[in-house]
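# What the coordinates show
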2 protein chains.
Amino acid sequence: MTDELAKGDRMREVFQTQLQEVQVRLVEMAEDTVRIIEKATKAFTESNVTLADEAIAIADQTGNKALALDELVIRILAKQSPVARDLRILVSALRISASLERMGALSGHIAAIARYRFPGSAVPATLIATFKEMGELDVKLAKKCVQLLKNTDVDFAREIQAEDARVDELHRHIFDVVLADDWKENAMFTVDVTLASRYHERFADHVVDISAKVSYLTTGEWNETE
Amino acid sequence: MTDELAKGDRMREVFQTQLQEVQVRLVEMAEDTVRIIEKATKAFTESNVTLADEAIAIADQTGNKALALDELVIRILAKQSPVARDLRILVSALRISASLERMGALSGHIAAIARYRFPGSAVPATLIATFKEMGELDVKLAKKCVQLLKNTDVDFAREIQAEDARVDELHRHIFDVVLADDWKENAMFTVDVTLASRYHERFADHVVDISAKVSYLTTGEWNETE
């Protein structure tokens, strides 16, 4: 009996180590998104092709990292057959890795626009300040996402969920500017600005989704009902 | 011993029934995306606000259906502790439901543009034919996605994976038209056309993602390595 208990303890210990490994990998992926969005938004507003290339190079790795993490989660599910909260943590990890992968792709798209228009600018002068603010907000949200995946604090998660409001506001503002009578820029600017604004907004959406998942898990609303 | 075997058989039977339930729900969600994209693309090219409203109403349900399906999958994982291929089928179901949810949202966005511009058109006359073709391709892909989730045939899955090439081509064509010197439409058309084209293209991407998951599962490349 004591042996059985000891065995149970050891299995529990192995499982905890595996869960920590999942968390470490999610944090690493989130740190990558910080690096990509920092370089991409700077590349975009400053027409910096070197930064754009660097952003794209990191973004290109995101898919493989997400795949490797998903494989790890599947192996743990197969070996440990977790239930209740442990199971939900692992399923959430799959969803969070999918969001982080999309964040990498979206920031890669922002960098790609900057690269494509180089040496020209993808942003007309009148919208540089707006895109700078939007970019800084995305970077801030990505950094908070790293913190959240480290501390899994529910109050912090709730706080983040309100923080994309300003990004949405800037997204709407950009459309107001583009659709106003005095917008005289050519169609290329209109297209670039429309897509870039959308990518910035979706990036923030994913951070909100991740926060919602973390607070859902932490508040224990996810109780097994049977 | 015979009792044990009989019990094992019964559990296997319960599990098979549960897997079928997951499949049925995925097919239902895919059928919803067909209805949404049919109405949305027609609404978009024909400025039909009734169809747009209908599309948006169905799209609004997609999130809850995905959530309910995910909960079902988590309950099965908890009760059955599946391994190997069964586990991978369930994890794939989570990913496929996420793609179907996004397809619902993207087609809802197409309908929303039509609704917003009504009674005007969101598409200038010169691009109506292109968007009609793109819309028909998305509808066709959505219908094939339903079939694929029913038959899970690997050859069919591979066939679908090549079929978004034409959608990508039309997506690029739309940008060529918008960025050409003789594009004289106002910024509103440019914005609407840019976003709508992007939504059509992402919709097709998700069908390809779903097909890749189905063929991955069916070819058994997903063998447990330990």
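Let me begin by describing the structure that accompanies this report. Given the structure is predicted, the values throughout are model-derived calculations rather than measurements. (Residues numbered from 1 in each chain as written. Chains lettered and ligands numbered in written order. Predicted model: local features only at pLDDT ≥ 70, side-chain atom pairs only at ≥ 80, totals over all residues.)

Our focus in this paragraph is the overall build of chain A. Scanning chain A from N- to C-terminus turns up seven helices and zero strands. Shown N-terminal to C-terminal, the secondary structure of chain A runs as helices and strands in the order α-α-α-α-α-α-α. Its C-alpha atoms put chain A at 80 × 30 × 25 Å along the principal axes. With 226 residues in all, chain A has 43% of them scored as buried. The long-range share in chain A, meaning contacts at least 24 apart out of those at least 6 apart in sequence, stands at 84%. (Helix = DSSP H or I, 4+ residues; strand = E, 2+ residues; numbered from the N terminus. Buried ≥ 20, exposed ≤ 12 C-beta atoms within 10 Å, placed from the backbone. Contact = placed C-beta atoms within 7 Å.)

Between the two copies, chain B and chain A, the superposition gives an RMSD of 0.0 Å; the rotation angle is 180° and the shift along the axis is 0.0 Å. This pairing of chains is accounted for by a two-fold axis. Among all residues of chain B, the minimum C-alpha distance to the rotation axis is found for Ser81 of chain B, at 2.5 Å. Comparing contact sets, 96% of the residues at the interface of chain B also lie at the interface in chain A, consistent with an isologous, same-surface contact. (Least-squares fit on C-alpha atoms with pLDDT ≥ 70 in both.)

Turning our attention to the interface of chain B and chain A. Each partner contributes to the interface: chain B provides 24 residues, whereas chain A provides 24 residues. Tallying contributions element by element places helix α7 (residues 187-218) of chain B first for the side of chain B that touches chain A, with seven residues.

Looking now at the environment of Asp155 of chain B. All names here are of chain B. With respect to the element layout, Asp155 can be found in helix α5 (residues 154-161). Residue class for Asp155 comes out exposed when judged on the 10 C-beta atoms lying within 10 Å of it. For the pair formed by Asp155 and Thr218, sequence separation is 63 residues and the distance between their alpha carbons is 9.7 Å.

All names here are of chain B. Between its terminal C-alpha atoms helix α2 (residues 49-80) stretches 47 Å, which fits the 46 Å expected from 32 residues at 1.5 Å a residue. The axis of α2 is deflected most strongly, by about 25°, at Thr62. Residues Leu51, Ala52, Ala55, Ile56, Ala59, Thr62, Ala66, Leu69, Val73, Ile74, Ile76 and Leu77 constitute the buried set of α2. Backbone geometry just downstream of α2 places Ser81 in the positive-phi region, at approximately 40°. (Expected span 1.5 Å × (residues − 1). Bend = angle between axes of the 7 residues up to and from the residue.)

The next point concerns the packing of helix α6 (residues 165-179) of chain A against helix α7 (residues 187-218) of chain A. Residue and element names in this part refer to chain A. It is the contact of α6 with α7, at a shortest axis distance of 9 Å, that shows an interaxial angle of 170°. Considered as vectors, α6 and α7 are oriented roughly antiparallel to each other. Mapping the contact onto sequence places Val167, Asp168, His171, Ile174 and Val178 in α6 and Thr190, Val193, Thr194, Ser197, His200, Glu201 and Ala204 in α7. (Axes fitted to C-alpha atoms, helices over the stretch in contact; angles between N-to-C directions. Parallel < 35°, antiparallel > 145°, perpendicular 65-115°, else oblique.)

Structurally, the position occupied by Val91 of chain A is in helix α3 (residues 84-117). Through-space distance from the C-alpha of Val91 of chain A to that of Val73 of chain A is 8.2 Å; in sequence the pair is 18 residues apart. Other than its neighbours up to four places away in sequence, Val91 of chain A contacts Ile74 and Leu94 of chain B.

When the terminal C-alpha atoms of α7 of chain B are compared, their 47 Å separation across 32 residues agrees well with the 46 Å that a helix rising 1.5 Å per residue should span. Of all 32 residues that make up α7 of chain B, 23 are buried, and the element is covered over most of its length.

Right, let's get into the packing of helix α4 (residues 125-151) of chain B against helix α6 (residues 165-179) of chain B. Residue and element names in this part refer to chain B. Viewed as axis vectors pointing N to C, α4 and α6 meet at an angle of 160°, and their least axial separation amounts to 10 Å. If you check the angle between α4 and α6, you find them roughly antiparallel. Like other packed secondary-structure pairs, α4 and α6 cross with a definite hand, here left-handed. Contacts between α4 and α6 involve Thr126, Leu127, Thr130, Glu133, Met134, Leu137 and Asp138 from the former and Arg166, Val167, Leu170, His173, Ile174 and Val177 from the latter. When grouped by side-chain class, the residues that make up the contact of α4 with α6 number seven nonpolar, three polar and three charged. (Left-handed = near helix turned anticlockwise from the far one by under 90°. Nonpolar A, V, L, I, M, F, W, Y, C, P; charged D, E, K, R; others polar.)

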